[in-house]
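Chain by chain, the residues run as shown.
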Amino acid sequence: QVQLVESGGGLVQAGASLRLSCAASGRTFSRYAVGWFRQAPGKEREFVVGISGSGYIRYYADSVKGRFAISRDNAKNMVYLQMNSLKPEDTAVYYCAAGDLRYSGSRSGDNYDYWGQGTQVTVSS
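Worth saying up front: this structure is predicted, and the values here are computed from it rather than measured.

Conventions adopted
Residues numbered from 1 in each chain as written. Predicted model: local features only at pLDDT ≥ 70, side-chain atom pairs only at ≥ 80, totals over all residues. Heavy atoms only, no water. Pairing = 2+ DSSP bridges. Helix = DSSP H or I, 4+ residues; strand = E, 2+ residues; numbered from the N terminus. Axes fitted to C-alpha atoms, helices over the stretch in contact; angles between N-to-C directions. Phe/Tyr/Trp six-rings, centres within 6.5 Å; stacked < 30°, edge-to-face > 60°. Buried < 20%, exposed > 50% of the residue type's maximum accessible area, 1.4 Å probe, protein only. Lys NZ or Arg CZ within 6 Å of the ring centre and 35° of its normal.

(A) Region of interest: the sheet that holds strand E7 (residues 68-73). Spatial ordering of the open sheet is given by E1-E3-E8-E7, a layout of four strands whose pairing is antiparallel. Both outer strands of the open sheet, strand E1 (4-7) and E7, are each paired with one neighbouring strand and no more. Pairs of neighbouring strands in the sheet enclose a mean axial angle of 15°, with direction left out of account. Relative to strand E8 (residues 78-83), E7 runs antiparallel, the two sharing six bridges. Looking at the pairing, aspartate 73 lines up with methionine 78 of E8.

Structure below.
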């Protein structure tokens, strides 16, 4: 079992940066692939970024490539999402999710077993 808690969301202006954090419970966090997803009002949930258990392999949606960066610290059971050059279209609830390592980088939320409660990110123009 893994429990995930996101933090770091907020209201920022376009062009600003935010860093989201995802704190995980459990002593075998490195055995899980992690992904960040987001869901805007009236839209379907979408994959944003993913990271392998070791942290060496990262996956990005085209819409955030070059602006967002994912990292993890398995010793601290933490995953981070650094978001730079934020745009109004980045406004959404952001969710951290964990799943089996074989699904590292999966863009399907169905492949992740554990989810956090989400953190709101709002980018004003």
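(B) Examining the packing of aromatic side chains more closely. Applying the stated rule across the entire model yields six aromatic pairs. A ring pair is formed by phenylalanine 37 and tryptophan 115, whose centres lie 5.1 Å apart and whose planes are at 50°; its orientation type is tilted. Residue phenylalanine 37 is located in strand E4 (residues 32-39), and its partner tryptophan 115 is located in strand E10 (residues 114-115); the two are separated by 78 residues in the primary sequence. For tryptophan 115, a relative accessible area of 27% corresponds to the partly exposed category. Their ring planes at 70° and their centres at 6.4 Å tell us that tyrosine 112 and tryptophan 115 sit as a pair that is edge-to-face. Here the basic side chain of arginine 45 rests over the ring of phenylalanine 37, its NZ or CZ set 5.8 Å away from the ring centre. Above the face of the phenylalanine 29 ring, arginine 72 is positioned so that its terminal group lies 4.5 Å from the ring centre.

Keep in mind that these numbers describe shape and distance, not what the molecule does.
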